[in-house]
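Below are the chains, spelled out letter by letter.
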Amino acid sequence: MEMVIRGGTVVDPSQNIDGIFDVLVAEGKIARIAQNIEAEGREIIDAAGKVVVPGFIDLHTHLRQPGGEAKETVLTGSRAAAAGGYTGITALPNTRPVIDNAQMVARQNELAAKANLVRVWPVGAVTKGSEGNELAEIGGMVKQGARAVTDDGRGVPDARLLRNAMLYCRELDIPLFEHCEEEALAGNGQLHEGVVSARLGLQGMPAAAETVMLARDLVLAKETGCRIHIMHVSCAEAVELIRKAKKEGIPVTAEVTPHHLLLTDEAVEGYNTNAKMKPPLRTAEDVAAVRKGLADGTIDAVGTDHAPHTESEKANDFISAPFGIVGLETAFPLLYTHLVRPGVISLSQLVERMSWRPAAILGVPHGTLKPGGAADLAIIDTQQEQIIEKERFYSKGKNTPFDRWPVTGIPVLTMVAGTVVMRDGKVE
Ligand SMILES: NC(=O)N[C@@H](CC(=O)O)C(=O)O
Ligand SMILES: [Zn+2]
Ligand SMILES: [Zn+2]
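Residues numbered from 1 in each chain as written. Chains lettered and ligands numbered in written order. Predicted model: local features only at pLDDT ≥ 70, side-chain atom pairs only at ≥ 80, totals over all residues. Heavy atoms only, no water.

### A closer look at the nonpolar core
Taken as a class, soluble globular proteins show a tendency for nonpolar side chains to be buried jointly.
Then, number 1: Residues Leu176, Ile230 and Val233 are the most contacted members of the largest nonpolar core, which totals 97 residues.
Then, number 2: In terms of domain composition, this core takes at least three residues from each of domain 1 (3-52 + 374-427) and domain 2 (56-362).
Then, number 3: Not counting residues within four places of it along the chain, the set of residues in contact with Val233 comprises Glu210, Ala238, Val239, Ile242, Ala254, Glu255, Val256, His260, Val290 and Ile299.
Then, number 4: Core analysis: the second largest hydrophobic core is formed by 19 residues, Val10, Val25, Val412 and Val420 among them. (Core = buried A, V, L, I, M, F, W, Y, C linked by side-chain atoms within 4.5 Å. Buried < 20%, exposed > 50% of the residue type's maximum accessible area, 1.4 Å probe, protein only. Domains from an automatic or database assignment. Contact = heavy atoms within 4.5 Å.)

### So, the packing of aromatic side chains
Then, number 1: Inspection of the entire model under this criterion finds five aromatic pairs.
Then, number 2: Taking 6.5 Å as the distance between ring centres and 70 degrees as the angle between the ring planes, the aromatic pair formed by Tyr271 and Phe318 counts as edge-to-face. Within this pair, whereas Tyr271 is found in the loop between helix H9 (258-262) and helix H10 (284-296), its partner Phe318 is found in the loop between helix H11 (311-314) and helix H12 (331-340), the two being separated by 47 residues in sequence.
Then, number 3: Given the relative accessible area of 40%, Tyr271 is considered partly exposed.
Then, number 4: Seen from their ring centres, Phe332 and Tyr336 are 5.9 Å apart, and the 20 degrees between their planes marks the pair as stacked. Here the residue Phe332 and the residue Tyr336 both occupy positions in helix H12, the gap between them amounting to four residues, near one helical turn.
Then, number 5: Given the relative accessible area of 9%, Tyr336 is considered buried.
Then, number 6: An aromatic cluster of at least three residues, connected via ring pairs, comprises Phe56, Tyr86, Phe332 and Tyr336.
Then, number 7: The ring of Phe323 carries Lys276 above its face, with NZ or CZ at 4.4 Å from the centroid. (Phe/Tyr/Trp six-rings, centres within 6.5 Å; stacked < 30°, edge-to-face > 60°. Helix = DSSP H or I, 4+ residues; strand = E, 2+ residues; numbered from the N terminus. Lys NZ or Arg CZ within 6 Å of the ring centre and 35° of its normal.)

### A short note on the UniProt feature "binding site: Zn(2+) 2" (unreviewed entry) in the chain
Then, number 1: Feature annotation in UniProt places "binding site: Zn(2+) 2" (unreviewed entry) on Asp152, His179 and His232, given in this structure's numbering. Sequence-wise these annotated residues cover 81 residues; spatially they are packed, their C-alpha atoms never more than 10.2 Å apart. Set against the largest cavity, the annotated residues named above that line it are His179.
Then, number 2: Its location among the elements puts His179 in the loop between strand S10 (176-178) and helix H5 (183-186).
Then, number 3: In this view, His179 contacts Asp152, Gly153, Arg154, Gly155, Met213, Met231, His232 and Lys278; residues no more than four positions away in its chain are not counted.
Then, number 4: Of the polar contacts made by the side chain of His179, one reaches the side chain of Asp152; its length is 3.1 Å.
Then, number 5: Mapped onto the elements of the fold, His232 is located in the loop between strand S13 (228-230) and helix H8 (236-247).
Then, number 6: Looking at His232, the relative accessible area reads 2%, which means it is buried. (UniProt positions renumbered as here; feature names shortened; annotations may be inferred. 1 Å grid on protein atoms, 1.4 Å probe; cavity = no way out; pocket = protein on both sides within 12 Å on 5 of 7 lines; lining within 4 Å. Polar contact = N/O pair within 3.5 Å; in protein donor to acceptor, adjacent residues only side chain to side chain.)

Okay, here's the thing in C-alpha coordinates:
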(Lines give C-alpha, C1' and ligand atoms only; values in the text may rest on other atoms or scores of the structure.)
(Ligands and ions follow the chains in the order given, each with its own letter.)
Protein backbone atom coordinates (compact mmCIF):
# COMPACT_ATOMS: atom_id res chain seq x y z
CA MET A 1 0.00 0.00 0.00
CA GLU A 2 1.17 3.52 -0.72
CA MET A 3 2.00 5.74 2.22
CA VAL A 4 2.17 9.44 2.76
CA ILE A 5 4.48 10.66 5.51
CA ARG A 6 2.74 13.91 6.17
CA GLY A 7 3.96 17.31 7.26
CA GLY A 8 7.39 16.53 8.70
CA THR A 9 10.50 18.63 8.34
CA VAL A 10 12.42 16.65 5.73
CA VAL A 11 16.18 16.90 6.22
CA ASP A 12 18.06 15.19 3.40
CA PRO A 13 21.58 16.57 2.94
CA SER A 14 22.10 14.41 -0.17
CA GLN A 15 19.61 16.64 -2.00
CA ASN A 16 20.00 19.81 0.04
CA ILE A 17 16.46 19.45 1.31
CA ASP A 18 15.54 21.06 4.63
CA GLY A 19 11.89 22.04 4.81
CA ILE A 20 8.34 20.91 5.48
CA PHE A 21 7.20 18.37 2.90
CA ASP A 22 5.15 15.23 2.45
CA VAL A 23 6.95 12.07 1.38
CA LEU A 24 5.18 9.55 -0.83
CA VAL A 25 6.31 5.96 -0.46
CA ALA A 26 5.24 3.44 -3.10
CA GLU A 27 6.45 -0.11 -3.73
CA GLY A 28 9.11 0.25 -1.06
CA LYS A 29 10.61 3.28 -2.73
CA ILE A 30 10.54 7.02 -2.31
CA ALA A 31 8.15 8.15 -5.04
CA ARG A 32 7.99 11.89 -4.43
CA ILE A 33 8.83 14.65 -1.96
CA ALA A 34 6.46 17.60 -2.30
CA GLN A 35 3.87 19.71 -0.55
CA ASN A 36 0.24 18.62 -0.25
CA ILE A 37 0.55 15.10 -1.61
CA GLU A 38 -2.89 13.54 -2.06
CA ALA A 39 -3.60 11.20 0.87
CA GLU A 40 -6.81 9.62 -0.44
CA GLY A 41 -6.56 5.84 -0.49
CA ARG A 42 -3.11 5.88 1.07
CA GLU A 43 -1.87 5.10 4.55
CA ILE A 44 -0.97 8.27 6.41
CA ILE A 45 1.94 8.58 8.79
CA ASP A 46 1.67 11.87 10.64
CA ALA A 47 5.09 13.49 10.98
CA ALA A 48 3.95 17.02 11.86
CA GLY A 49 6.38 18.61 14.30
CA LYS A 50 8.90 15.84 13.64
CA VAL A 51 11.92 15.43 11.41
CA VAL A 52 12.11 12.94 8.52
CA VAL A 53 15.63 11.84 7.61
CA PRO A 54 17.36 9.15 5.54
CA GLY A 55 17.85 6.08 7.74
CA PHE A 56 21.17 6.04 9.55
CA ILE A 57 23.99 3.80 8.37
CA ASP A 58 26.58 2.48 10.78
CA LEU A 59 30.04 1.74 9.45
CA HIS A 60 31.10 0.07 12.66
CA THR A 61 28.86 -2.58 14.27
CA HIS A 62 29.96 -5.70 16.12
CA LEU A 63 27.22 -8.33 15.94
CA ARG A 64 29.14 -11.14 17.71
CA GLN A 65 27.53 -13.99 15.78
CA PRO A 66 28.95 -16.62 15.43
CA GLY A 67 30.68 -17.40 18.69
CA GLY A 68 29.57 -14.54 20.91
CA GLU A 69 25.81 -15.02 21.02
CA ALA A 70 25.66 -14.22 24.74
CA LYS A 71 26.78 -10.68 23.85
CA GLU A 72 24.69 -10.11 20.69
CA THR A 73 23.31 -11.86 17.61
CA VAL A 74 22.54 -10.61 14.12
CA LEU A 75 18.89 -10.49 15.18
CA THR A 76 19.34 -8.61 18.48
CA GLY A 77 21.84 -6.22 16.89
CA SER A 78 19.41 -5.60 14.01
CA ARG A 79 16.68 -4.80 16.52
CA ALA A 80 18.95 -2.39 18.35
CA ALA A 81 19.71 -0.74 15.01
CA ALA A 82 16.04 -0.36 14.12
CA ALA A 83 15.37 1.12 17.56
CA GLY A 84 18.14 3.67 17.01
CA GLY A 85 16.90 4.88 13.62
CA TYR A 86 19.45 2.84 11.68
CA THR A 87 18.35 1.21 8.44
CA GLY A 88 21.74 -0.27 7.58
CA ILE A 89 24.64 -1.59 9.62
CA THR A 90 27.87 -3.42 9.03
CA ALA A 91 28.76 -6.80 10.52
CA LEU A 92 32.40 -6.61 11.55
CA PRO A 93 34.45 -9.77 11.25
CA ASN A 94 35.89 -10.18 14.77
CA THR A 95 33.50 -13.03 15.54
CA ARG A 96 34.53 -16.57 16.53
CA PRO A 97 35.64 -17.84 14.14
CA VAL A 98 36.64 -14.67 12.35
CA ILE A 99 34.77 -13.86 9.13
CA ASP A 100 37.70 -14.40 6.77
CA ASN A 101 36.20 -16.46 3.94
CA ALA A 102 33.38 -16.34 1.41
CA GLN A 103 31.32 -19.02 3.12
CA MET A 104 31.16 -17.07 6.35
CA VAL A 105 30.16 -13.91 4.52
CA ALA A 106 27.34 -15.88 2.88
CA ARG A 107 26.30 -17.09 6.34
CA GLN A 108 26.14 -13.50 7.62
CA ASN A 109 23.87 -12.64 4.69
CA GLU A 110 21.61 -15.56 5.60
CA LEU A 111 21.42 -14.48 9.23
CA ALA A 112 20.61 -10.92 8.19
CA ALA A 113 17.89 -12.11 5.81
CA LYS A 114 16.40 -14.19 8.61
CA ALA A 115 16.41 -11.24 11.00
CA ASN A 116 14.71 -9.30 8.18
CA LEU A 117 14.80 -5.88 9.85
CA VAL A 118 17.63 -3.65 8.63
CA ARG A 119 20.25 -4.02 5.91
CA VAL A 120 23.40 -5.73 7.12
CA TRP A 121 26.59 -5.38 5.11
CA PRO A 122 29.27 -7.90 6.07
CA VAL A 123 32.85 -6.72 6.41
CA GLY A 124 35.53 -9.37 5.97
CA ALA A 125 38.88 -9.74 7.68
CA VAL A 126 42.09 -8.49 6.07
CA THR A 127 44.13 -11.44 7.32
CA LYS A 128 43.22 -15.04 8.15
CA GLY A 129 41.79 -15.15 11.65
CA SER A 130 42.77 -11.46 11.86
CA GLU A 131 46.06 -12.85 13.07
CA GLY A 132 48.09 -10.58 10.84
CA ASN A 133 50.13 -13.31 9.16
CA GLU A 134 48.45 -14.23 5.89
CA LEU A 135 45.91 -12.47 3.67
CA ALA A 136 42.29 -13.61 4.00
CA GLU A 137 40.19 -14.61 0.96
CA ILE A 138 39.45 -10.97 0.15
CA GLY A 139 38.28 -11.46 -3.45
CA GLY A 140 35.98 -14.34 -2.54
CA MET A 141 34.44 -12.39 0.32
CA VAL A 142 33.79 -9.37 -1.88
CA LYS A 143 32.08 -11.64 -4.43
CA GLN A 144 29.76 -12.79 -1.63
CA GLY A 145 28.89 -9.19 -0.76
CA ALA A 146 31.52 -8.03 1.74
CA ARG A 147 31.70 -4.24 1.38
CA ALA A 148 35.07 -3.65 3.06
CA VAL A 149 37.78 -5.46 5.00
CA THR A 150 39.26 -4.86 8.42
CA ASP A 151 41.10 -6.66 11.22
CA ASP A 152 39.32 -4.39 13.73
CA GLY A 153 40.11 -5.17 17.32
CA ARG A 154 43.64 -4.56 16.14
CA GLY A 155 45.46 -3.03 13.20
CA VAL A 156 47.51 -4.84 10.58
CA PRO A 157 50.98 -4.74 12.15
CA ASP A 158 52.90 -6.07 9.13
CA ALA A 159 53.33 -3.16 6.69
CA ARG A 160 54.15 -5.42 3.76
CA LEU A 161 51.02 -7.51 4.24
CA LEU A 162 48.95 -4.37 4.64
CA ARG A 163 50.38 -2.97 1.43
CA ASN A 164 49.46 -6.19 -0.41
CA ALA A 165 45.95 -6.01 1.03
CA MET A 166 45.69 -2.40 -0.10
CA LEU A 167 46.64 -3.37 -3.65
CA TYR A 168 43.85 -5.97 -3.68
CA CYS A 169 41.35 -3.53 -2.21
CA ARG A 170 42.16 -0.96 -4.83
CA GLU A 171 41.60 -3.53 -7.58
CA LEU A 172 38.33 -4.63 -5.97
CA ASP A 173 37.33 -1.01 -5.35
CA ILE A 174 36.54 -1.52 -1.68
CA PRO A 175 37.83 0.45 1.29
CA LEU A 176 40.17 -1.01 3.87
CA PHE A 177 38.98 -0.11 7.38
CA GLU A 178 41.84 0.31 9.83
CA HIS A 179 41.90 0.22 13.62
CA CYS A 180 45.07 2.25 14.16
CA GLU A 181 46.99 0.88 17.09
CA GLU A 182 50.73 0.32 17.19
CA GLU A 183 50.82 -2.64 19.57
CA ALA A 184 54.32 -1.99 20.89
CA LEU A 185 53.22 1.49 21.98
CA ALA A 186 49.82 0.51 23.34
CA GLY A 187 51.42 -2.29 25.33
CA ASN A 188 49.08 -3.57 28.01
CA GLY A 189 47.47 -0.14 28.33
CA GLN A 190 44.02 -0.01 29.87
CA LEU A 191 43.06 3.61 29.20
CA HIS A 192 44.55 6.82 27.80
CA GLU A 193 48.04 7.56 29.12
CA GLY A 194 47.72 10.74 31.15
CA VAL A 195 46.75 12.20 34.49
CA VAL A 196 43.88 9.79 35.04
CA SER A 197 45.92 6.65 34.25
CA ALA A 198 48.59 7.88 36.65
CA ARG A 199 46.06 8.57 39.40
CA LEU A 200 44.39 5.18 38.96
CA GLY A 201 47.74 3.39 38.81
CA LEU A 202 46.92 1.71 35.51
CA GLN A 203 49.11 1.40 32.43
CA GLY A 204 48.14 3.91 29.76
CA MET A 205 48.02 3.89 25.96
CA PRO A 206 49.56 7.04 24.52
CA ALA A 207 47.89 8.85 21.63
CA ALA A 208 51.03 8.04 19.62
CA ALA A 209 49.93 4.39 19.53
CA GLU A 210 47.13 5.59 17.26
CA THR A 211 48.97 8.20 15.22
CA VAL A 212 52.10 6.17 14.45
CA MET A 213 50.07 3.50 12.66
CA LEU A 214 47.84 6.13 11.07
CA ALA A 215 50.86 7.94 9.59
CA ARG A 216 52.16 4.68 8.13
CA ASP A 217 48.76 3.89 6.66
CA LEU A 218 48.46 7.30 5.02
CA VAL A 219 51.84 6.83 3.35
CA LEU A 220 50.73 3.45 2.00
CA ALA A 221 47.31 4.71 0.90
CA LYS A 222 49.02 7.45 -1.06
CA GLU A 223 51.38 4.99 -2.69
CA THR A 224 48.83 2.27 -3.50
CA GLY A 225 45.79 4.44 -4.22
CA CYS A 226 43.75 2.24 -1.90
CA ARG A 227 40.81 3.88 -0.16
CA ILE A 228 41.61 3.73 3.52
CA HIS A 229 38.97 4.37 6.16
CA ILE A 230 40.22 5.27 9.62
CA MET A 231 37.99 3.81 12.31
CA HIS A 232 37.22 5.44 15.65
CA VAL A 233 39.52 8.50 15.43
CA SER A 234 40.14 9.62 18.99
CA CYS A 235 42.92 12.18 19.24
CA ALA A 236 43.77 15.68 18.03
CA GLU A 237 46.96 14.66 16.24
CA ALA A 238 45.08 12.03 14.22
CA VAL A 239 42.55 14.62 13.07
CA GLU A 240 45.41 16.85 11.96
CA LEU A 241 47.14 14.03 10.03
CA ILE A 242 43.88 13.19 8.23
CA ARG A 243 43.21 16.85 7.47
CA LYS A 244 46.63 17.20 5.84
CA ALA A 245 46.28 13.91 3.97
CA LYS A 246 42.93 14.97 2.52
CA LYS A 247 44.45 18.25 1.37
CA GLU A 248 47.11 16.23 -0.42
CA GLY A 249 44.45 14.16 -2.14
CA ILE A 250 45.17 10.90 -0.33
CA PRO A 251 42.04 8.68 -0.56
CA VAL A 252 41.28 8.65 3.16
CA THR A 253 37.98 8.80 5.04
CA ALA A 254 37.42 8.70 8.77
CA GLU A 255 34.81 8.11 11.43
CA VAL A 256 34.41 9.12 15.05
CA THR A 257 32.27 7.47 17.72
CA PRO A 258 29.68 9.24 19.87
CA HIS A 259 31.73 8.44 22.99
CA HIS A 260 34.90 10.04 21.67
CA LEU A 261 32.82 13.12 20.85
CA LEU A 262 31.28 13.35 24.31
CA LEU A 263 33.55 11.88 26.98
CA THR A 264 37.09 12.24 28.31
CA ASP A 265 39.25 9.82 30.28
CA GLU A 266 37.71 11.36 33.42
CA ALA A 267 34.79 9.00 32.76
CA VAL A 268 37.08 6.13 33.80
CA GLU A 269 37.39 7.53 37.36
CA GLY A 270 36.15 4.98 39.87
CA TYR A 271 37.41 2.24 37.53
CA ASN A 272 34.27 2.44 35.41
CA THR A 273 34.56 -0.52 33.03
CA ASN A 274 31.81 1.00 30.86
CA ALA A 275 34.31 3.71 29.98
CA LYS A 276 36.88 1.14 28.88
CA MET A 277 37.27 0.82 25.14
CA LYS A 278 39.73 1.03 22.27
CA PRO A 279 40.87 3.52 21.39
CA PRO A 280 40.57 4.95 24.89
CA LEU A 281 38.68 8.10 25.89
CA ARG A 282 41.19 10.93 25.78
CA THR A 283 41.46 14.55 26.91
CA ALA A 284 39.24 17.61 26.56
CA GLU A 285 41.55 18.94 23.82
CA ASP A 286 41.12 15.71 21.90
CA VAL A 287 37.34 15.93 22.24
CA ALA A 288 37.45 19.50 20.93
CA ALA A 289 39.58 18.37 17.99
CA VAL A 290 37.35 15.47 16.94
CA ARG A 291 34.32 17.76 17.20
CA LYS A 292 36.01 20.29 14.98
CA GLY A 293 37.04 17.54 12.57
CA LEU A 294 33.46 16.30 12.35
CA ALA A 295 32.17 19.83 11.81
CA ASP A 296 34.63 20.75 9.04
CA GLY A 297 34.32 17.39 7.26
CA THR A 298 37.82 16.11 8.02
CA ILE A 299 35.97 13.32 9.78
CA ASP A 300 33.36 12.06 7.35
CA ALA A 301 31.09 9.97 9.47
CA VAL A 302 29.86 8.89 12.86
CA GLY A 303 30.50 5.19 13.48
CA THR A 304 29.11 3.72 16.68
CA ASP A 305 31.68 0.95 17.31
CA HIS A 306 28.73 -0.85 18.86
CA ALA A 307 30.67 -3.43 20.90
CA PRO A 308 28.35 -5.42 23.15
CA HIS A 309 29.74 -7.44 26.07
CA THR A 310 27.88 -9.25 28.85
CA GLU A 311 27.26 -7.56 32.18
CA SER A 312 29.25 -10.22 33.99
CA GLU A 313 32.29 -9.59 31.77
CA LYS A 314 32.05 -5.86 32.43
CA ALA A 315 31.57 -6.53 36.17
CA ASN A 316 35.13 -7.84 36.30
CA ASP A 317 37.97 -5.76 37.70
CA PHE A 318 39.14 -3.04 35.31
CA ILE A 319 42.08 -4.97 33.88
CA SER A 320 40.08 -8.16 33.23
CA ALA A 321 37.03 -6.42 31.75
CA PRO A 322 36.87 -6.39 27.94
CA PHE A 323 37.23 -3.23 25.84
CA GLY A 324 34.12 -1.80 24.18
CA ILE A 325 30.68 -0.25 24.68
CA VAL A 326 27.34 -0.36 22.85
CA GLY A 327 26.11 2.55 20.75
CA LEU A 328 23.30 1.88 18.27
CA GLU A 329 20.42 2.87 20.53
CA THR A 330 21.99 6.02 21.94
CA ALA A 331 24.02 7.54 19.08
CA PHE A 332 21.52 9.91 17.52
CA PRO A 333 19.84 11.21 20.70
CA LEU A 334 23.22 11.80 22.38
CA LEU A 335 24.64 13.67 19.40
CA TYR A 336 21.45 15.62 18.79
CA THR A 337 21.37 16.66 22.44
CA HIS A 338 25.05 17.45 22.89
CA LEU A 339 26.21 18.61 19.46
CA VAL A 340 23.19 19.89 17.53
CA ARG A 341 21.29 21.63 20.33
CA PRO A 342 24.32 23.64 21.51
CA GLY A 343 25.22 24.48 17.89
CA VAL A 344 28.49 22.53 17.55
CA ILE A 345 27.15 21.11 14.28
CA SER A 346 23.86 21.57 12.47
CA LEU A 347 21.14 18.94 12.27
CA SER A 348 21.75 18.58 8.57
CA GLN A 349 25.49 18.04 9.16
CA LEU A 350 24.77 15.36 11.73
CA VAL A 351 22.29 13.63 9.44
CA GLU A 352 24.77 13.74 6.56
CA ARG A 353 27.50 12.19 8.67
CA MET A 354 25.16 9.43 9.82
CA SER A 355 23.56 8.59 6.46
CA TRP A 356 24.79 9.86 3.12
CA ARG A 357 28.52 9.95 3.91
CA PRO A 358 28.73 6.46 5.43
CA ALA A 359 26.69 5.11 2.49
CA ALA A 360 29.21 6.61 0.09
CA ILE A 361 32.12 5.08 2.00
CA LEU A 362 30.48 1.64 1.77
CA GLY A 363 29.45 2.24 -1.83
CA VAL A 364 25.77 1.48 -1.20
CA PRO A 365 22.92 3.43 -2.82
CA HIS A 366 21.34 4.48 0.46
CA GLY A 367 21.49 7.29 3.01
CA THR A 368 19.31 9.42 0.76
CA LEU A 369 15.63 10.13 0.13
CA LYS A 370 16.10 10.58 -3.61
CA PRO A 371 12.99 9.54 -5.54
CA GLY A 372 13.47 6.12 -7.07
CA GLY A 373 15.65 4.92 -4.22
CA ALA A 374 14.64 2.57 -1.40
CA ALA A 375 12.37 4.07 1.26
CA ASP A 376 14.87 3.68 4.10
CA LEU A 377 14.16 6.46 6.57
CA ALA A 378 13.71 7.49 10.16
CA ILE A 379 11.36 9.92 11.86
CA ILE A 380 12.83 11.83 14.78
CA ASP A 381 10.96 13.55 17.58
CA THR A 382 13.15 16.51 18.50
CA GLN A 383 10.82 17.63 21.30
CA GLN A 384 10.47 14.36 23.18
CA GLU A 385 12.68 14.05 26.24
CA GLN A 386 13.82 10.70 27.47
CA ILE A 387 16.18 9.19 29.99
CA ILE A 388 18.50 6.54 28.56
CA GLU A 389 17.66 3.29 30.32
CA LYS A 390 19.95 0.41 29.46
CA GLU A 391 17.39 -2.17 30.64
CA ARG A 392 15.22 -1.06 27.73
CA PHE A 393 17.84 -1.68 25.06
CA TYR A 394 17.02 -4.23 22.39
CA SER A 395 20.73 -4.98 22.29
CA LYS A 396 21.87 -7.74 24.60
CA GLY A 397 24.73 -5.41 25.49
CA LYS A 398 23.93 -3.07 28.39
CA ASN A 399 27.51 -1.81 28.56
CA THR A 400 27.05 1.93 28.20
CA PRO A 401 28.54 4.86 30.10
CA PHE A 402 25.44 6.89 29.16
CA ASP A 403 22.88 5.11 31.33
CA ARG A 404 20.44 7.60 32.89
CA TRP A 405 21.61 10.48 30.68
CA PRO A 406 18.69 12.70 29.69
CA VAL A 407 18.38 13.12 25.92
CA THR A 408 16.10 14.46 23.25
CA GLY A 409 15.94 13.81 19.51
CA ILE A 410 14.32 10.39 19.77
CA PRO A 411 13.86 8.11 16.72
CA VAL A 412 10.15 7.27 16.76
CA LEU A 413 9.84 5.39 13.48
CA THR A 414 12.26 3.44 11.30
CA MET A 415 11.34 2.26 7.82
CA VAL A 416 13.34 -0.10 5.60
CA ALA A 417 12.29 -0.50 1.96
CA GLY A 418 8.87 0.91 2.81
CA THR A 419 8.27 -1.45 5.74
CA VAL A 420 7.96 0.03 9.22
CA VAL A 421 10.42 -1.90 11.43
CA MET A 422 10.16 0.34 14.51
CA ARG A 423 7.33 2.56 15.73
CA ASP A 424 7.27 4.51 19.00
CA GLY A 425 10.30 2.67 20.28
CA LYS A 426 8.80 -0.76 19.55
CA VAL A 427 10.63 -2.93 17.08
CA GLU A 428 8.30 -5.02 14.91
N1 LIG B 1 36.28 -0.91 20.51
C2 LIG B 1 36.50 -1.84 21.42
O3 LIG B 1 36.95 -1.51 22.50
N4 LIG B 1 36.22 -3.13 21.20
C5 LIG B 1 35.80 -3.73 19.97
C6 LIG B 1 36.94 -3.92 19.02
C7 LIG B 1 37.43 -2.64 18.37
O8 LIG B 1 36.63 -1.84 17.86
O9 LIG B 1 38.63 -2.41 18.28
C10 LIG B 1 35.14 -5.06 20.26
O11 LIG B 1 34.90 -5.83 19.32
O12 LIG B 1 34.79 -5.33 21.41
ZN1 LIG C 1 38.79 -0.97 16.74
ZN1 LIG D 1 35.24 -1.98 16.61
